[in-house]
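Spelled out from the first residue to the last, the chains are:
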Amino acid sequence: MTAEPTAPPETGTSDYLAKRQLRGGTAGWTLLAGLGVAAVISGDYAGWNFGLAEGGFGGLLIATVLMGIMYAAMVFGLAELGSALPTAGGGYTFARRALGPWGGYATGVAVLLEYAIAPAAIATFIGGYVESLGLFGITDGWWVYLAVYAIFIGIHLMGVGEALKVMMAIAAVAVVGLVLFLVGAIPNFDAANLTDIVPTDAAGASDWLPFGLLGIWAAFPFGIWFFLAVECVPLAAEEAKDPARSMPKGIVAAMAVLATLAILMLVFTTGAGERS
């Protein structure tokens with residue numbers, strides 16, 4: 001009797017990756033970069049400014065630079081991973097490959113929480129803008145939050161490709177808005193406004209660090225607003241054209257734009273403000 005030939009065993013990981021591997025799509029690196037910028041750009045408008053009350057200009061500047069270095073390292077890592085494993089699972093897929101199913105599950109849950117809460121925060125900021133500006137006579141914008149959040153969901157239900165194009169357009173409008181603001185702020189820049197907070201008696205306190213060294217730590221959660229969510233770019237791998245090439249270029253380009261805007265907004269917004 002001769003033994004029947006048996007097929008070589010396949011690991012669960014190999015099966016999973018074979019099913020998840022994506023090689024089609026129409027989005028180039030510019031559209032992917034636009035996605036990265038669009039996901040973060042609201043943080044240049046609001047969120048980071050609360051850090052001035054926690055660390056002063058110097059504390060927030062240091063926190064932002066350190067946060068930018070951390071995100072740059074993460075972005076380069078994601079660019080490599082997105083090139084090697086171009087799947088729509090993004091961080092979930094990367095963690096599953098390295099840590100197994102439970103590691104992937106935990107990462108996936110964390111990613112879902114981030115991308116569910118972040119749009120809600122953005123919707124809240126939009127409602128706050130509507131209230132403060134008195135647009136359309138609205139003084140209580142709670143229903144604006146719900147309407148904006150529903151619009152966000154509706155755009156994504158149209159399809160990933162359509163959402164990418166809409167987000168690219170939104171990002172372009174938002175960047176133009178920031179540029180116009182900077183053009184108006186630069187002539188009003190006064191370096192004295194950067195150090196107009198009276199130093200406290202905290203350790204290491206000075207004109208640049210009015211709340212001392214701990215002020216840098218306190219400003220970290222606000223410095224992240226300049227970069228938070230750029231890591232979503234690998235999630236668009238399914239729509240990427242030649243993801244092995246376009247994914248790294250797109251995410252690195254997005255990070256470069258965001259880092260530039262972060263420094264410009266932090267310096268000139270603070271410097272152009274009225275002194276207290």
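**Concerning the packing of helix H2 (residues 29-40) against helix H9 (residues 243-272)**
Here is step 1 of the chain: Between H2 and H9, the least distance of the axes is 7 Å, while the angle of their chain directions is 40°. Relative to H9, the element H2 lies oblique. For the crossing formed where H2 meets H9, the hand is right-handed. Across the interface between the two elements, Trp29, Leu32, Ala33, Gly36, Val37 and Val40 of H2 pack against Ser246, Met247, Lys249, Gly250, Ala253, Ala254, Val257 and Leu258 of H9.

**Concerning the packing of helix H5 (residues 91-133) against helix H6 (residues 142-157)**
Here is step 1 of the chain: Following both chains from N to C, one finds H5 and H6 inclined at 135°, their axes separated by 8 Å at the closest point. In terms of orientation, H5 and H6 fall into the oblique class. The crossing of H5 and H6 is right-handed. In this structure, H5 contributes Ala116, Pro119, Ala120, Ile122, Ala123, Thr124, Ile126, Gly127, Gly128, Val130 and Glu131 to the contact, and H6 contributes Trp142, Val144, Tyr145, Val148, Tyr149 and Phe152.
Here is step 2 of the chain: Here the residues of the contact of H5 with H6 sort into 13 nonpolar, three polar and one charged.

**As for the layout of surface pockets**
Over the atoms, a rolled probe matching the size of one water molecule traces out where space is still vacant.
Here is step 1 of the chain: Here the largest pocket is characterised by a volume of approximately 1600 Å³.
Here is step 2 of the chain: If you trace the largest pocket, you find 48 residues lining it, with Ala39, Pro119, Ile122, His156 and Met167 closest to the centre.
Here is step 3 of the chain: Breaking the lining of the largest pocket down by element, the ones donating at least two residues are H2, helix H3 (42-45), H5, H6 and helix H7 (160-185).
Here is step 4 of the chain: Its residues assigned to classes, the lining of the largest pocket shows 40 nonpolar, five polar and three charged.

**Re unusual backbone geometry**
Here is step 1 of the chain: A positive phi angle, near 95°, is found at Ala229, a position not held by glycine.
Here is step 2 of the chain: Relative to the helices and strands, Ala229 resides in the loop between helix H8 (212-223) and H9.
Here is step 3 of the chain: Under the relative-accessibility criterion, Ala229 is labelled buried at 6%.

**Let's talk about the packing of aromatic side chains**
Here is step 1 of the chain: According to the stated counting rule, one finds seven aromatic pairs in the structure shown.
Here is step 2 of the chain: Seen in terms of ring centroids, Phe57 and Trp208 are 5.5 Å apart; in terms of plane orientation they differ by 50°. Their pairing is tilted. Note that Phe57 is positioned in helix H4 (residues 52-84) and Trp208 in the loop between H7 and H8, a separation of 151 residues in sequence.
Here is step 3 of the chain: Look at Trp208 and you get partly exposed, because its relative accessible area is 46%.
Here is step 4 of the chain: For the ring pair Trp217 and Phe220, a centre distance of 5.8 Å and an interplane angle of 50° mean the geometry is tilted. Of this pair, Trp217 and Phe220 both sit in helix H8, three residues apart, roughly one helical turn.
Here is step 5 of the chain: Here Phe220 falls in the partly exposed class, since its relative accessible area comes to 21%.

**A look at the nonpolar core**
Here is step 1 of the chain: Among the nonpolar cores identified, the biggest contains 52 residues, and Phe226, Phe227 and Val230 are the most heavily contacted of them.
Here is step 2 of the chain: Elements with a minimum of two residues in this core: H2, H4, H7, H8 and H9.
Here is step 3 of the chain: Residue contributions to this core peak at 11 residues, all from H9.
Here is step 4 of the chain: When sequence neighbours within four positions are dropped, the list of residues in contact with Phe226 reads Val40, Asp44, Trp48, Thr64, Leu258, Ala262, Met265 and Leu266.
Here is step 5 of the chain: Ranked by size, the runner-up nonpolar core spans five residues in total, among them Ala123, Val130, Ile138 and Val144.

**Thoughts on H6**
Quick reminder: α-helices carry 3.6 residues per turn. Residues three or four places apart thus point the same way.
Here is step 1 of the chain: Taking 1.5 Å per residue as the helical rise, H6 with its 16 residues ought to reach 22 Å, and the 23 Å between its terminal C-alpha atoms agrees with that figure.
Here is step 2 of the chain: Residue Gly159 follows H6 closely and has a positive phi angle near 135°.

**A look at the confidence of the model for the protein chain**
Here is step 1 of the chain: Considering every residue of the protein chain, the mean pLDDT works out to 81; 87% of them sit at 70 or more.
Here is step 2 of the chain: The least confident element of the protein chain is helix H1 (residues 12-20), whose mean pLDDT is 50; the most confident is H8, at 92.
Here is step 3 of the chain: Every residue in residues 4-10 scores below 50 in pLDDT, and together they form one contact with partners more than four places removed in sequence or on other chains.

**Concerning a nonpolar patch on the surface**
Here is step 1 of the chain: The grouping of Tyr45, Tyr129, Leu133, Leu135 and Phe136 at the surface amounts to a nonpolar patch, some 570 Å² of accessible area in total.
Here is step 2 of the chain: Positionally, Tyr129 belongs in helix H5.
Here is step 3 of the chain: With a relative accessible area of 36%, Tyr129 lands in the partly exposed category.

Scoring rules and cut-offs
- Residues numbered from 1 in each chain as written.
- Predicted model: local features only at pLDDT ≥ 70, side-chain atom pairs only at ≥ 80, totals over all residues.
- Heavy atoms only, no water.
- Axes fitted to C-alpha atoms, helices over the stretch in contact; angles between N-to-C directions.
- Helix = DSSP H or I, 4+ residues; strand = E, 2+ residues; numbered from the N terminus.
- Parallel < 35°, antiparallel > 145°, perpendicular 65-115°, else oblique.
- Left-handed = near helix turned anticlockwise from the far one by under 90°.
- Contact = heavy atoms within 4.5 Å.
- Nonpolar A, V, L, I, M, F, W, Y, C, P; charged D, E, K, R; others polar.
- 1 Å grid on protein atoms, 1.4 Å probe; cavity = no way out; pocket = protein on both sides within 12 Å on 5 of 7 lines; lining within 4 Å.
- Points joined across faces, edges and corners; volume = space filled by probe spheres on them.
- Buried < 20%, exposed > 50% of the residue type's maximum accessible area, 1.4 Å probe, protein only.
- Phe/Tyr/Trp six-rings, centres within 6.5 Å; stacked < 30°, edge-to-face > 60°.
- Core = buried A, V, L, I, M, F, W, Y, C linked by side-chain atoms within 4.5 Å.
- Expected span 1.5 Å × (residues − 1).
- pLDDT = per-residue confidence, 0-100.
- Patch = residues over 30% accessible without salt bridge, like charges linked within 9 Å, V, L, I, M, F, W, Y side chains within 5 Å.
- Areas by Shrake-Rupley, 256 points an atom, 1.4 Å probe, with all protein chains shown as cover.
- Salt bridge = Lys/Arg side-chain N within 4 Å of Asp/Glu carboxyl O.

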